[in-house]
Amino acid sequence: MKKVSLIAFLAIAMFFSIDATAQKFSGLDKSPMDMASFPNDYKVANKSVRVIYSRPQLKGRSLAELAPAGKVWRTGANEAPEITFYTDANFGGKDIKAGTYSLFTIPGEKEWTVVLNKNLNQWGSYSYDESADVARVSGISKSEGDSLEEFSVTFQETGDGASLVMGWDKTRVAVPITFTKM
């Protein structure tokens, strides 16, 4: 009888210990991570540039409240986005070496300053260090189209390269990029 009780006790203990050691996963992030690359075609494996960023939502708030004019903004949510150039490029008129950089912006009315910074793994813009900037370029800001609830990034092909286009609400900011042939 003691043997049966011991086995029953062990079986019950194992059952409850399985539940105790199960992994707990967090729910869906409120500002999910996304990625844009160029060329956009998924069939093209040899990319020239890629940006990884998080997508905050307006949720009844204004763009001016979330990305104030004249202040360094992390260009999305959570971590500062990282942009990787797989080949040397000209980004908004500045020559950039292949590599990965943090992407910040300083919103303005007619143009935004778009910043490439060599410090990676930055949460927001709290530890932003201007002395680590690799380039600061102007991105033309326009108000057009439908309002975008989620901050979005894409690359649009141009005759000699692409434009990095960031959009949120009705604001669209574009920076031209040309690439050195690989």
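In this report, the structure presented in the accompanying data block is examined. Just so it is clear, the model here is predicted, and its values are computed rather than measured.

**Side note on unusual backbone geometry**
Following F38, the chain continues into P39 via a peptide bond in cis, with omega recorded as 0°. Mapping P39 onto the fold places it in the loop between β1 (33-38) and β2 (49-54). In this structure, K59 takes a positive phi of about 45° despite not being glycine. Given the relative accessible area of 53%, K59 is considered exposed. Residues other than glycine seldom take positive phi values, yet N121 does so here, at roughly 55°. With respect to the helices and strands, the residue N121 is situated in the loop between β7 (111-117) and β8 (133-158). By relative accessible area, N121 is classed as exposed at 70%.

**So, the packing of aromatic side chains**
Remark: the centre distance and the inter-plane angle together describe each pair of aromatic rings, the angle taken between the planes. In the structure shown here, the tally under the stated rule is 9 aromatic pairs. Taken together, a centroid distance of 5.9 Å and an interplanar angle of 10° make the contact between F38 and F179 stacked. Taken together, the positions of F38 in strand β1 and F179 in strand β9 (residues 161-179) put the pair 141 residues apart, joining distant regions of the chain. Taking the centre distance of 5.8 Å and the plane angle of 75° together, the rings of F85 and F91 count as edge-to-face. Residue classification places F85 among the buried residues on the basis of a relative accessible area of 1%. Residue classification places F91 among the buried positions, given a relative accessible area of 0%. Every member of this aromatic cluster is reached through a ring pair, and the members are Y53, W73, W112, F151 and W168.

**Details of the sheet that holds strand β3 (residues 82-85)**
Across the sheet, which stays open at both edges, the 9 strands sit in the order β1-β2-β3-β6-β7-β8-β9-β4-β5 with antiparallel pairing between neighbours. The strands lining the two open edges of the sheet, one partner per strand, are β1 and β5 (94-96). Going across the sheet, the axis of each strand differs from the next one's by a mean of 35°, ignoring polarity. As paired strands, strand β4 (residues 89-91) and β9 are joined by 3 bridges and run antiparallel to one another. Residue pairing across strands places N90 opposite T178, the latter belonging to β9.

**Observations concerning the environment of T171**
With respect to the element layout, T171 can be found in strand β9. Residue T171 is classed as buried on the basis of its relative accessible area of 18%. Sequence separation between T171 and E144 is 27 residues, and the spatial gap between their C-alpha atoms is 6.5 Å.

**Overview of the nonpolar core**
One finds I83, F85, F91 and L164 to be the most contacted residues of the largest nonpolar core, which totals 32 residues. Looking at this core, the elements that each hand over two or more residues are β1, β2, β3, β4, β6 (99-106), β7, β8 and β9. Here this core gets 8 residues from one element, more than from any other, and that element is β9. Beyond its immediate stretch of four places on either side in the chain, F91 contacts F85, I96, V114, L116, V137, L164, V175, P176 and I177.

**Brief notes about the pairing of β7**
For β7, the tally of buried residues reaches 5 of 7 residues, placing the bulk of the element in the interior. Note: β6 against β7, 5 bridges, orientation antiparallel. If you follow T105 over to β7, its bridge partner there is V114. As consecutive antiparallel partners, β6 and β7 are separated by 4 residues. In this structure, β7 lies alongside β8, joined through 7 bridges in antiparallel fashion. The residue bridging T113 from the neighbouring strand is S138, located in β8.

Each value, and the rule that gives it
- Residues numbered from 1 in each chain as written.
- Predicted model: local features only at pLDDT ≥ 70, side-chain atom pairs only at ≥ 80, totals over all residues.
- Heavy atoms only, no water.
- Helix = DSSP H or I, 4+ residues; strand = E, 2+ residues; numbered from the N terminus.
- Buried < 20%, exposed > 50% of the residue type's maximum accessible area, 1.4 Å probe, protein only.
- Phe/Tyr/Trp six-rings, centres within 6.5 Å; stacked < 30°, edge-to-face > 60°.
- Pairing = 2+ DSSP bridges.
- Axes fitted to C-alpha atoms, helices over the stretch in contact; angles between N-to-C directions.
- Core = buried A, V, L, I, M, F, W, Y, C linked by side-chain atoms within 4.5 Å.
- Contact = heavy atoms within 4.5 Å.

Taken by themselves, the reported measurements are silent on function.
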